[in-house]
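Close look at the chain arrangement
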Amino acid sequence: LIPVSEETANFHVSCEVNDALRAGKPLVALESTIITHGMPWPGNLEMARGVEALIREEGAVPATIVVIDGRLHIGLGDDDLAALAQTKDALKLSRADLAYAIAEGRTGSTTVAATMIAAEMAGIRVFATGGIGGVHRGAEESFDISADIDELARTPVLVVSAGAKALLDIPKTLEALETRGVPVVTCASETFPAFWSRDSGLPSPLTLPDAPAIARFQATRERLGIEGGMLVANPVDAADEIPRSEMEAHIAAALDTAKRQGIARKEVTPFLLSEIYRLSDGRSLATNIALVRSNARLAARIAVALAA
Amino acid sequence: LIPVSEETANFHVSCEVNDALRAGKPLVALESTIITHGMPWPGNLEMARGVEALIREEGAVPATIVVIDGRLHIGLGDDDLAALAQTKDALKLSRADLAYAIAEGRTGSTTVAATMIAAEMAGIRVFATGGIGGVHRGAEESFDISADIDELARTPVLVVSAGAKALLDIPKTLEALETRGVPVVTCASETFPAFWSRDSGLPSPLTLPDAPAIARFQATRERLGIEGGMLVANPVDAADEIPRSEMEAHIAAALDTAKRQGIARKEVTPFLLSEIYRLSDGRSLATNIALVRSNARLAARIAVALAA
Amino acid sequence: LIPVSEETANFHVSCEVNDALRAGKPLVALESTIITHGMPWPGNLEMARGVEALIREEGAVPATIVVIDGRLHIGLGDDDLAALAQTKDALKLSRADLAYAIAEGRTGSTTVAATMIAAEMAGIRVFATGGIGGVHRGAEESFDISADIDELARTPVLVVSAGAKALLDIPKTLEALETRGVPVVTCASETFPAFWSRDSGLPSPLTLPDAPAIARFQATRERLGIEGGMLVANPVDAADEIPRSEMEAHIAAALDTAKRQGIARKEVTPFLLSEIYRLSDGRSLATNIALVRSNARLAARIAVALAA
Ligand SMILES: [Mn+2]
Ligand SMILES: [Mn+2]
Ligand SMILES: [Mn+2]
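In what follows, the accompanying structure is described. Each chain has its residues counted from 1, running along the sequence as written. Key to labels: chains lettered from A, ligands numbered from 1, both in the order written. Local features in a predicted model are, by the rule used here, given only for residues with pLDDT of at least 70; side-chain atom pairs are given and counted only at 80 or more, and totals for whole chains, interfaces and linings are based on all residues. Each side-chain value is derived from all of the structure's non-hydrogen atoms; neither hydrogens nor water enter the calculation.

Examining the interface of chain B and chain A
How we decide: Contacts were defined at the residue level, with two residues in contact if any of their heavy atoms lie within 4.5 Å. Here's the idea: put two parts together, see how much 1.4 Å probe accessible area each one loses, and the total over both is what we call buried area. Just to be clear on terms, a salt bridge is a Lys or Arg side-chain nitrogen sitting within 4 Å of an Asp or Glu carboxyl oxygen. Polar contacts here mean pairs of N or O atoms no more than 3.5 Å apart (in protein, one a potential hydrogen donor and the other a potential acceptor; neighbouring residues in sequence count only if both atoms are side-chain atoms). Counting from the N terminus, the helices are the DSSP runs of H or I reaching at least four residues and the strands are the DSSP runs of E reaching at least two. Residue classes follow a fixed rule: Ala, Val, Leu, Ile, Met, Phe, Trp, Tyr, Cys and Pro count as nonpolar, while Asp, Glu, Lys and Arg count as charged, and any other residue, Gly among them, counts as polar.
At the interface, 26 residues of chain B touch 28 residues of chain A. The contact between chain B and chain A buries some 2400 Å² in all, and 57% of this surface belongs to carbon and sulfur atoms. The largest share of the area that chain B buries against chain A comes from Arg 95, Tyr 100 and Phe 143 of chain B, three residues that together contribute 25% of it. The tally of links between chain B and chain A comes to three salt bridges. Glu 227 of chain A serves as the salt-bridge partner of Arg 95 of chain B, at 3.8 Å between the closest nitrogen and oxygen. For the pair chain B and chain A, the number of links is seven residue pairs in polar contact (both at pLDDT 80 or more). Broken down by element, the residue count for the side of chain B that touches chain A peaks at five residues, all from helix H5 (residues 98-103) of chain B. When grouped by side-chain class, the residues that make up the side of chain B that touches chain A number 13 nonpolar, three polar and ten charged.

So, in structure tokens, the structure goes:
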């Protein structure tokens, strides 16, 4: 792996992140797909700034990860963040194409899998996101399963999320995580969340009450030398959630519309999200922002506990 | 990894196992789920003691693996074994939650995946069990696949079993093992066994005649640096087997009853096993004990051949 | 891993390959299953000699990989190649049984997975083949998925192919590669090929224009320390291809005949290939030879670019 101190044409660690790494201070990695693909400008920039501020408030250092013109950045200054928030046509990078964007001098934002890889490279142990990718509805026929699950099985980074994206098949996603040996811990709840909703209707494989307990579990895994990452599920606050019954109705309606209109391939997910935004009168986006902020806060607390 | 010599609050290697490891003597790891969840007291204790005695008879040292009050034990004295056999509410630990039990100070028995991890940590190359987990019947819809298959693909421990548990979908389990690159060797038979039955009706991917040949194969894999474990299938003795036609009828009847009674989730497997016990007039348990003993003996012989 | 310089009873590196490795010269690994199982004698020998000559023409050194009488050969002299081309009953070796053949003193040709393992052992970074294994048609029920996909996910060798074998379910094969995080790059085409046909009807996950660009991508992956291999898809020359519409009709007819005649298990693939040979008036074999030659040439150019 590239040593953090090595500045190259392809690899840049911000001063703030570099100082934190050298001092053994807590860090939280952040993905950039949510900025370039997940929310419209200028709300995306406001969200990104807010999340970084929250992490600092909790005593940790944020490290937003992105590839700009073929250079992998670990930590982004505010100017770069503002520019990124207005970038069009950024690639969406996963394990398979992170190095492709670097080799070709392209700009690309990182999904969960690529952010985990970059975080591990830099020595960052905790990462906050919205929701992970997983097993798609209909995967028993399509075999469409995100690379995020395998990444969790192999790369030793703790990922704080509101569970899996609710467009996915959540029962099958939990099965795939179990098959791959990935710990799934819900914070302070016996049930696994469903992104916008606090409760997916499924029991969580594991439950721990708070950040220190989660940090103890992770530290034990590291000490035992057990490979791979951990998924921490953090149900959105009750005040911000949209209950599952309501969301499932929106998702079903959106899937139905997509089918009737013949939406296919890469257009499906953006189409579904915009339909759900419309059907929920914009509440889906507000909840998304709330859950990302809540995940950043929990991730920072876990990072602080791990560094203690 | 934790060096074997290091005694910590979380990790304990028995004197007998420690001496054997230092002296390069043959060892056989044993799982503990069969003791806490697989058989009722006091038969479970009798079985466990019998299996340890058999392994010693063959010139190897048994190492039962279990987490007691947050401490991972490699090798258990007879007092601890007797206490474990009467423990209620032990967790069933796999790759995902082995460190959870340790971090939380809980007691848990180890499944195949967790036992493999602990065996590798301690430097034990051979492990005897009843049957591995695999692809569940109906997995084409449920995606329910045990973490044991992935563990065999990644962790360099040789697992001696009577094949996969017969409640599983055995053809799909063999396919999943092939996909993951796991060698499946049946000892002295051209057909893969089905736990209680000598013959699953499926050809074994590989066949070797005896323990020395299996040890040579394993030693060659280690010398070539090929990652991952190996599944050795050991058909139960003909005198002890229940033929597949009979068992398949019991399994089908038990599945049918479970469906009619609405048994779900974690209750399914214990329910099916108790139904099969009833339908077979207790012979399923007798065969289970016989096959575990037979596997322990073969595992010890392989360990002796590997240490030679 | 066994050091290349170490000659053992189980491991032999040819002088030409050994010299190239020491001098840092470009090398291209070649599989042997295509010689023993893929084509009839003497056409197979002619093809193998032609491919080796092409690789030398491009300035690289060919390294045919095979197990003969329990010895793993990296690089084969012409006498051995001629003998291999007439060998009957060679095993077909994958990850699970490569060491089995070595331990048992058997002769076996290497599939994609086993060739990748041997190439990595020897330090060869590029490998040319016809088409990789993948997800079989009907795998949603059968779970029949080749070990080649997992090997690409774990072993750092670049594999040049004409895509996946066209008997497979190509959409599902691409999904499985994505799930496992394997880069799939088609050379100079936006669509993924279908072995005998230039276009599978599916967009390629990634596209690069030529060997130097592919080498830059691979070198970036190596520098970043990203695990696993890469699949390079190389559409057969237009002059040599059989269009997909024609091939799909032959494949459907062959599958239908196999079903009616009750062909099962290991007999299915050879039967389908011979039916397709008959239905295409021998053009399927001519195209197969053309694509292997084309892949060898591209692989050599990538190896030369990587070594520069
Ligand atoms: Mn997908
Ligand atoms: Mn399960
Ligand atoms: Mn297969």
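Concerning the coordination of the manganese ion (ligand 2)
Here is the rule: Metal donors were taken as nitrogen, oxygen and sulfur atoms no farther than 2.8 Å from the ion, or 3.2 Å where the ion is Na, K or Ca. Water is excluded, so coordination may look unfinished. Buried, partly exposed and exposed residues are distinguished by accessible area as a fraction of the type maximum, computed with a 1.4 Å probe on protein chains only: under 20%, between the cut-offs, and over 50%, respectively.
All of the protein donors around the manganese ion (ligand 2) are Glu 178 of chain A (OE) and Asp 144 of chain B (OD); their distances to the metal are 2.1 to 2.7 Å. Taken together, the positions of Glu 178 of chain A in helix H9 (residues 170-179) and Asp 144 of chain B in the loop between helix H7 (139-142) and helix H8 (148-154) put the pair across two chains. Looking at Asp 144 of chain B, the relative accessible area reads 21%, which means it is partly exposed.

Notes on the relation of the copies chain C and chain B
Spelled out, the test is: We superpose the copies by least squares over the C-alpha atoms of residues that have a pLDDT of at least 70 in both of them.
Between chain C and chain B, which share one sequence, the superposing operator has a rotation angle of 120° and an axial displacement of 0.0 Å; the RMSD is 0.0 Å. The relationship between the two copies is best expressed as a three-fold rotation axis. Relative to the rotation axis, the closest C-alpha in chain C is found at Glu 140 of chain C, a distance of 3.6 Å. Taken together, the interface assignments show that only 12% of the residues at the interface of chain C recur at the interface of chain B, consistent with different surfaces on the two copies.

Brief notes about the interface of chain C and chain B
On the chain B side, the residues contacting the 26 residues of chain C number 28 residues. Both faces considered, chain C and chain B share a buried interface measuring about 2400 Å² in area, 57% of it formed by carbon and sulfur atoms. The largest per-residue losses of area from chain C upon contact with chain B belong to Arg 95, Tyr 100 and Phe 143 of chain C, which jointly make up 25% of the total buried on that side. Seen at the junction of chain C and chain B, the total is three salt bridges. As a salt-bridge pair, Asp 150 of chain C and Arg 180 of chain B come within 2.8 Å of each other at their nearest N and O atoms. Run the count over chain C and chain B and you get seven residue pairs in polar contact (both at pLDDT 80 or more). The set of elements that each furnish at least two residues to the side of chain C that touches chain B consists of helix H5 (98-103), helix H6 (112-122), helix H7 (139-142) and helix H8 (148-154) of chain C. The residue makeup of the side of chain C that touches chain B, split by class, is 13 nonpolar, three polar and ten charged.

Considering unusual backbone geometry
Residue and element names in this part refer to chain A. The amide bond that connects Trp 41 to the next residue, Pro 42, takes the cis arrangement and shows omega of 0°. The residue Pro 42 is located in the loop between helix H2 (33-38) and helix H3 (43-57) in this model. Positive phi outside glycine occurs at Arg 265, with the angle close to 55°. Of note, Arg 265 is situated in the loop between helix H11 (244-260) and helix H12 (268-279).

A few points about the environment of Ala 85 of chain C
Looking at where Ala 85 of chain C falls in the secondary structure, it is placed in the loop between helix H4 (78-84) and strand E5 (91-93). The spacing of Ala 85 of chain C and Gly 123 of chain C is 38 residues in sequence and 26 Å in space, taken between C-alpha atoms.

Looking at empty space enclosed by the protein
Quick reminder of the rule: Any residue with an atom within 4 Å of a point lines the site, the site being either a cavity, points on a 1 Å grid over the protein atoms alone where a 1.4 Å probe fits but cannot get out, or a pocket, an open set with protein on both sides within 12 Å along at least 5 of 7 lines. Grid points are joined across faces, edges and corners, and a volume is the space filled by probe spheres set on the points.
In the structure shown here, the tally under the stated rule is five cavities of 30 Å³ or more. Taken as a whole, the largest cavity spans an internal volume of roughly 670 Å³. Surrounding the largest cavity, 28 residues form its lining, Ile 145 and Arg 180 of chain A, Ile 145 and Arg 180 of chain B together with Ile 145 of chain C being those nearest its centre. Top element by residues in the lining of the largest cavity is helix H9 (residues 170-179) of chain B. It accounts for three residues. In terms of residue class, the lining of the largest cavity is built from 15 nonpolar, three polar and ten charged.

Observations concerning the environment of Thr 33 of chain C
Residues and elements named next belong to chain C. Here Thr 33 lies in helix H2 (residues 33-38). Look at Thr 33 and you get buried, because its relative accessible area is 10%. As a C-alpha pair, Thr 33 and Lys 165 span 132 residues in sequence and 14 Å in three-dimensional space. Those residues in contact with Thr 33 that lie beyond four places of it in its chain are Gly 38, Lys 92, Ser 109, Thr 110 and Thr 111. Side chain to side chain, Thr 33 and Ser 109 meet in a polar contact 3.5 Å long.

Observations regarding the pattern of salt bridges
Pairing between side chains of opposite charge can happen when their charged atoms approach one another. The final tally for this structure, using the stated rule, is 54 salt bridges over all chains. Close ionic contact of Asp 169 of chain B with Lys 172 of chain B constitutes a salt bridge, the shortest N to O distance being 3.1 Å. Like Asp 169 of chain B, the residue Lys 172 of chain B is buried in the burial classification. Sharing partners across several salt bridges, the network here consists of Asp 150 and Arg 180 of chain A, Asp 150 and Arg 180 of chain B together with Asp 150 and Arg 180 of chain C.

With respect to helix H11 (residues 244-260) of chain C
Owing to its 3.6 residues per turn, the α-helix brings residues three or four apart onto one side. Residues and elements named next belong to chain C. Here is the rule: Under the convention used throughout, the expected extent of a helix is 1.5 Å for every residue step, that is, one less than its residue count.
Spanning 17 residues, H11 covers 24 Å between terminal C-alpha atoms, matching the ideal 24 Å at 1.5 Å per step. Against the buried residues of H11 lie strand E11 (197-203) and helix H12 (268-279). Of the residues trailing H11, Gly 262 is marked for its positive phi of about 70°.

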